[in-house]
Amino acid sequence: MVFMGSEKYPAENGFDAFLKKHGGSDNASTDCERTIFQFDVQRKHFREALDRWAQFFICPLMIKDAIDREVEAVDSEYQLAKPSDSHRKEMLFGSLAKPKHPMGKFCWGNAQTLMHEPREKNIDIYQCLREFWKRHYSAHYMTLALQSKETLDTLEEWARDIFSKIPNNGLPRPDFSHLLDPFDTPAYNKLYRVVPVRKVHALTITWALPPQEKYYRIKPLHYISWLIGHEGTGSILSLLRKKCLALALFGGNSETGFDQNTTYSIFSISITLTDEGFQNFYQVAHVVFQYLKMLQKMGPQKRIYEEIQKIEANEFQYQEQTDPIEYVEDICENMQLFPKEDFLTGDQLLFEYNPEVISAALNLLTPDKANLLLLSPEHEGHCYLKEKWFGTQYSVEDISQEWRDQWIGDFSLNPDLHLPAENKFIATDFTLKTSDSPDTEFPVQIVNNGKGSLWFKKDTKFKIPKAYVRFSLISPLVQKSPGNLVLFDLFVNILAHNLAEPAYEADVAQLEYKLVAGEHSLVIKVKGFNHKLPLLLNLIVDYLADFTAAPDVFAMFYEQLKKTYFNILIKPEKLGKDLRLLILEHSRWSIIQKYQAIMKGLSKADLMDFVCCFKSELYAEGLVQGNFISSESKEFLQYIIDKLQFTPLSAEVPVLFQVVELPQEPHLCKVKSLNKGDANSEVTVYYQSGPKSLRDHALMELLVMHMEEPCFDFLRTKETLGYHVYPTCRNTSGILGFSITVETQATKFNTELVEMKIEDFMANFGEKMASLTDEAFKTQVTALIKLKECEDTHLGEEVDRNWFEVLTQQYVFDRLNKEIEALKLITKSELVSSFMEFRGQSSKKLSIHVVGFGEAEYDPPVEDDGGEAQPAQADSDGEHRSSLYSEVSKLTFLPASALLASATAITDIHAFRSSLNLYPYHKILK
């Protein structure tokens with residue numbers, strides 16, 4: 001509400017419009033004990049933006065008639081969060097707190113709590129808002145962080161000048177520190193079985209500890225979570241993986257307000273289980289408790305603490321600049337938490353080793369103080385309780401007496417569990433190398449032969465002892481069939497699993513690696529301190545060359561991949577994207593086709609055949625950037641070629657798809673969401689432009705930039721259609737277009753109505769474009785140029801841009817400069833006519849609707865979220881009639897109604913696609 005105009009600047013969307021005009025952005029987030037506001041803008045408009053922004057805290061209008069609209073935005077955000085298992089777990093966990101404790105509150109808010117209930121009880125929400133603002137938006141609780149290239153004196157003067165008018169109510173800061181032990185209740189230390197939204201088996205073990213924030217100099221929970229989350233030999237996960245009981249483990253405290261506040265600190269361990277692990281979850285918990293008992297017996301280890309300290313200090317010393325808006329956000333929050341001398345370092349460094357403090361936290365992590373949460377689709381039909389706000393189905397029971405007795409006694413330690421050995425990957429050489437070739441502004445091709453090519457650029461700008469190495473191993477096999485794509489995914493997952501333990505030390509030493517199953521290639525990415533980076537790359541290539549898959553590991557990942565595809569398909573935004581690309585890109589396979597292929601069955605022999613063929617014929621293309629010299633870089637490619645012993649490709653593999661040319665009349669592909677418990681719908685209206693030039697791309701970006709703020713204002717602020725509303729510039733395998741997306745709820749809006757509103761917006765925007773002033777046009781062009789001229793904040797940004805050129809084989813490394821030059825020559829009439837082209841008779845329009853479940857879509861009403869769930873009806877043979885889990889192996893196409901009568905409905909994607917012409921392969925090179 002405070003964003004919506006102030007006495008000094010009354011325009012409702014004025015601040016957003018001002019930022020969009022000057023290449024800026026803004027956001028705000030609420031947490032349990034703090035709210036953070038942040039924005040960025042071009043430097044020359046910084047002072048004016050600060051003045052406009054400060055008025056939110058000095059005298060916001062908080063217009064009464066905007067309340068209902070903003071409640072709708074809050075409600076949409078809540079609806080979007082409802083299908084998220086992590087939010088559901090959090091709400092269920094909070095509900096275990098003592099009655100009236102703030103941790104048990106409904107911390108999201110929705111239309112029921114912010115509109116309907118207050119009206120029934122004659123509570124004036126507007127009055128409550130004003131009082132809340134007066135009580136909490138007071139200068140003496142606030143911290144402020146500014147970053148700019150202005151001098152510090154100037155920034156200080158502006159801060160005094162602009163922010164000194166923020167009122168100070170003189171009241172003591174709200175304090176919750178008397179509300180300790182929120183989870184010291186009979187509902188805690190139980191086993192909760194939960195039905196998740198996604199198909200996943202997971203065990204979460206949680207302890208509620210006294211608040212640990214005051215120990216930030218020692219960070220006891222960081223030390224403990226570092227050991228718990230270790231994945232090397234002797235660790236919890238290493239042992240569970242060997243027994244095929246678990247796939248992943250995360251432990252610790254996320255430092256969000258829910259996990260750490262003035263009333264308690266959480267310590268939790270979440271383990272993604274295999275089917276076998278789910279059947280034996282008490283065994284899994286036992287391994288965790290054995291490891292913790294070992295740590296308690298041995299006590300804190302100075303060697304390990306100092307190793308973590310050294311790693312964190314190296315990272316801090318050589319850290320790259322982060323995005324300024326994120327940096328000021330972090331500092332501003334740190335100012336609330338730490339004394340002045342630690343504002344910049346308090347959240348990052350380990351300052352002092354204190355074994356007593358670490359032991360005190362460690363000794364609380366015992367089985368009798370733990371709460372267990374077990375998620376599994378198998379629980380469906382057996383969980384008769386329902387969490388009030390998210391409707392999560394769960395049941396509660398005592399922890400098994402047999403295990404409880406064992407854990408109370410002096411149970412034995414596990415000889416397979418031990419502390420990590422010394423880490424050979426920690427960098428000790430931070431010297432910057434002297435170049436062995438001329439410095440260049442852009443990457444240069446230093447190897448080019450039948451087996452591969454390598455692009456190289458020595459970093460001379462950021463001057464840090466780090467580097468990025470990326471390789472794309474291109475193969476014609478990947479896109480041959482949906483079955484091949486499934487085998488490719490299995491291959492990459494099992495390879496990552498095989499590497500997890502040997503490469504974990506590197507991961508700990510801030511060397512990162514990622515294996516990605518790309519659309520046409522296996523992508524290997526490594527980055528970090530260059531000193532030990534070649535060790536890591538060689539390790540990955542060795543495991544790739546000698547790939548093996550044990551039968552139980554194959555079975556475990558085969559089952560997991562079924563769940564992964566299912567979990568992607570039930571998300572409306574993922575399904576919408578999959579459909580759009582399936583229609584547009586010729587010979588692309590959809591995730592549904594992959595799901596069908598995996599359900600039909602593939603064997604370990606199929607996988608080994610695929611891998612053998614994949615490795616036999618490849619083209620390796622790489623990029624090396626950072627603190628390496630060209631001779632070292634050539635060795636990386638040579639190592640891959642020597643180790644894998646592949647033959648060159650017999651024919652060139654295209655790294656893009658061919659794209660269909662859409663017909664000139666509008667088409668609609670409308671399908672039902674694949675999660676029948678989800679009210680969220682997604683509508684994307686896409687306009688195709690065609691195979692265009694670099695200049696056209698710049699023009700399209702400019703158009704979308706003009707559109708952002710009016711689109712948000714029209715479709716979200718005024719029409720309240722949903723929380724996420726945005727236009728996007730689309731480059732689909734070299735073919736340009738743009739789209740407008742609205743994520744809405746079927747409980748409120750019909751997707752066809754949403755599309756009509758998008759059309760209304762387009763007409764409204766057309767009028768705006770027709771009356772666009774020269775000044776407004778120039779301002780926007782300048783803003784886009786300034787964004788493109790913005791220096792990279794860190795080496796990774798430059799690498800990402802260059803890697804896109806290598807991966808798509810376009811190699812236009814100076815693309816930004818060319819786009820800037822093009823923008824300088826674009827005229828207002830070109831911009832206007834480019835938009836009018838999409839409004840004309842010849843517009844190529846494709847709408848994708850993924851339709852959620854709710855009354856606006858004529859679905860039968862869902863039972864009320866309040867109260868407890870009733871037992872599901874069982875058939876005579878005891879089987880349950882209906883499952884929460886939808887069938888995702890086929891789509892339900894819906895017809896268009898009279899509202900969109902002008903659009904032709906697509907009900908057979910393959911037939912529609914094959915009836916169209918294909919554009920030739922196209923790259924945007926000039």
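For the structure itself, consult the block above.
The notes below deal with the structure included here. Sequence positions are assigned chain by chain, starting from 1 and proceeding in written order. In keeping with the predicted nature of the model, local features appear solely for residues at pLDDT of at least 70, side-chain atom pairs appear and are counted solely at 80 or more, and the whole-chain, interface and lining totals rest on all residues. Each side-chain value is worked out from all heavy atoms of the structure, with water and hydrogens disregarded.

## Some thoughts on the sheet that holds strand E11 (residues 452-458)
For step 1, the next point in the chain: With mixed pairing, six strands are arranged side by side in an open sheet as E10-E11-E15-E12-E14-E13. Edge positions in the sheet fall to strand E10 (444-449) and strand E13 (512-517), since each of these pairs with one other strand and no more. For this sheet the average axis-to-axis angle between neighbouring strands, irrespective of direction, equals 10°.
For step 2, the next point in the chain: Pairing between strands requires that DSSP locate at least two bridges from one strand to the other. Helix and strand assignments come from DSSP, with helices taken as H or I runs of at least 4 residues and strands as E runs of at least 2, each series counted from the N terminus. By the bridge criterion, nine bridges tie strand E12 (residues 466-474) to strand E14 (residues 521-529) in an arrangement that is antiparallel. Within the sheet, the bridge partner assigned to Arg470 lies in E14 and is Lys525.
For step 3, the next point in the chain: Together, E12, E13 and E14 form the strand contacts of helix H18 (residues 533-545), whose direction differs from that of E14 by roughly 155°. Simply put, an axis is a line fit to the C-alpha atoms, just over the touching stretch for a helix, and the angle between two N-to-C directions goes from 0 to 180 degrees. Contacts are assigned to residue pairs that have any heavy atoms within 4.5 Å of one another.

## Regarding helix H5 (residues 111-120)
For step 1, the next point in the chain: Throughout this description, buried means an accessible area under 20% of the type-specific maximum (1.4 Å probe, protein chains only), exposed means over 50%, and partly exposed covers the range between. Every buried residue of H5 is listed here: Ala111, Met115 and Pro118. Looking straight down H5, one finds that the buried residues subtend no more than 140° of arc, so they occupy a single side.
For step 2, the next point in the chain: Of the surrounding elements, those touching the buried residues of H5 are helix H3 (67-81) and helix H6 (125-136).
For step 3, the next point in the chain: Residues adjacent in sequence count toward polar contacts only when both atoms are side-chain atoms; beyond that, a polar contact is any pair of N or O atoms within 3.5 Å, and within protein one must be able to donate a hydrogen and the other to accept it. A distance of 3.1 Å separates the backbone nitrogen of Gln112 from a side-chain oxygen at the start of H5, and that oxygen is part of Asn110. Here the arc refers to the directions that run from the helix axis out to each C-beta atom.

## So, the packing of helix H1 (residues 14-21) against helix H24 (residues 694-718)
For step 1, the next point in the chain: Close contact between H1 and H24 brings their axes to 9 Å; oriented N to C, the two are set at 170°. Classified by the angle their axes make, H1 and H24 are roughly antiparallel. Here Asp16, Ala17 and Lys20 of H1 lie close against H24, whose contacting residues are Met705, Glu708, Glu709 and Phe712.
For step 2, the next point in the chain: Each residue gets one label: Ala, Val, Leu, Ile, Met, Phe, Trp, Tyr, Cys and Pro are nonpolar, Asp, Glu, Lys and Arg are charged, and the others, such as Gly, are polar. Of the residues that constitute the contact of H1 with H24, the class distribution is three nonpolar, no polar and four charged. Should an angle fall under 35 degrees it is taken as roughly parallel, and over 145 as roughly antiparallel, whereas 65 to 115 is taken as roughly perpendicular and any remaining angle as oblique.

## Describing the nonpolar core
For step 1, the next point in the chain: Put simply, buried Ala, Val, Leu, Ile, Met, Phe, Trp, Tyr and Cys residues joined by side-chain atoms within 4.5 Å make one nonpolar core. In terms of nonpolar packing, the biggest core is built from 155 residues, with Trp207, Phe289, Phe491 and Leu607 touching the most fellow members.
For step 2, the next point in the chain: At eleven residues, helix H11 (residues 281-298) tops the list of elements feeding residues into this core.
For step 3, the next point in the chain: Filtering out sequence-adjacent residues up to four positions away, Phe491 remains in contact with Leu522, Leu544, Phe547, Leu607, Phe610, Val611 and Phe614.
For step 4, the next point in the chain: By size, the runner-up hydrophobic cluster in this structure holds 44 residues, among which are Leu721, Met762, Ala783 and Ile820.

## As for the sheet that holds strand E9 (residues 393-397)
For step 1, the next point in the chain: One open sheet accounts for seven strands, arranged E5-E6-E4-E7-E3-E9-E8; its pairing is mixed. Edge strands, defined here as strands with exactly one partner in the open sheet, are strand E5 (246-252) and strand E8 (385-386).
For step 2, the next point in the chain: The pairing of strand E3 (residues 191-194) with strand E7 (residues 371-375) spans four bridges and is parallel. By the bridge assignment, Arg193 is partnered in E7 with Leu374.
For step 3, the next point in the chain: Here helix H8 (residues 220-228) sits on the sheet and contacts strand E4 (201-209), E5 and strand E6 (265-273); the angle it forms with E6, its principal contact strand, is near 10°.
For step 4, the next point in the chain: Helix H19 (residues 551-569) rests against E4, E5 and E6 of the sheet, and its axis sits at about 70° to E5.

## Focus on unusual backbone geometry
For step 1, the next point in the chain: A positive phi angle, close to 55°, is found at Lys219, a residue other than glycine.
For step 2, the next point in the chain: Tracing the chain through its elements places Lys219 in the loop between E4 and H8.
For step 3, the next point in the chain: By relative accessible area, which is 10% here, Lys219 ends up buried.
For step 4, the next point in the chain: Residue Lys463 is not a glycine yet carries a positive backbone phi of 50°.
For step 5, the next point in the chain: Considering the arrangement of structural elements, one finds Lys463 in the loop between E11 and E12.
For step 6, the next point in the chain: Judged by relative accessible area, Lys463 falls into the exposed class, the value being 54%.

## Thoughts on the state of the cysteines
For step 1, the next point in the chain: Any two cysteine sulfur atoms within 2.5 Å of one another count as a disulfide. By the definition in use, this model includes zero disulfides.
For step 2, the next point in the chain: Considering cysteine sulfurs only, Cys107 is the nearest to Cys32, which forms no disulfide, with 5.9 Å between them.
For step 3, the next point in the chain: Judged by relative accessible area, Cys32 falls into the partly exposed class, the value being 37%.
For step 4, the next point in the chain: Of all cysteine sulfurs, the one in Cys612 lies closest to Cys613, which takes part in no disulfide; the gap is 5.7 Å.

## Regarding the packing of aromatic side chains
For step 1, the next point in the chain: Side-chain rings of Phe, Tyr and Trp, where Trp is taken by its six-membered ring, are said to pair if the distance between their centres is within 6.5 Å; with planes under 30 degrees apart they count as stacked, over 60 as edge-to-face, and otherwise as tilted. The tally for this structure, following the rule as stated, stands at 53 aromatic pairs.
For step 2, the next point in the chain: Between Tyr216 and Phe338 the ring centres are 4.6 Å apart and the planes differ by 40°, which places this aromatic pair in the tilted class. One end of the pair, Tyr216, is in the loop between E4 and H8; the other, Phe338, is in the loop between helix H13 (324-337) and helix H14 (355-362), and 122 residues separate them in sequence.
For step 3, the next point in the chain: For Tyr216, a relative accessible area of 12% puts it in the buried group.
For step 4, the next point in the chain: With a centroid separation of 5.3 Å and 70° between ring planes, the pair formed by Phe430 and Phe529 is classed as edge-to-face.

## With respect to the pattern of salt bridges
For step 1, the next point in the chain: Any carboxyl oxygen of Asp or Glu within 4 Å of a side-chain nitrogen of Lys or Arg constitutes a salt bridge here. Under the counting rule described, the total for this entry stands at 46 salt bridges.
For step 2, the next point in the chain: A salt bridge links Asp68 to Arg119; its shortest N-O distance comes to 2.9 Å. Here Asp68, found in helix H3, pairs with Arg119, found in helix H5; they are 51 residues apart in sequence, far enough to count as distant.
For step 3, the next point in the chain: Because the salt bridges share partners, they merge into one network encompassing Glu755, Glu759, Arg839 and Lys845.

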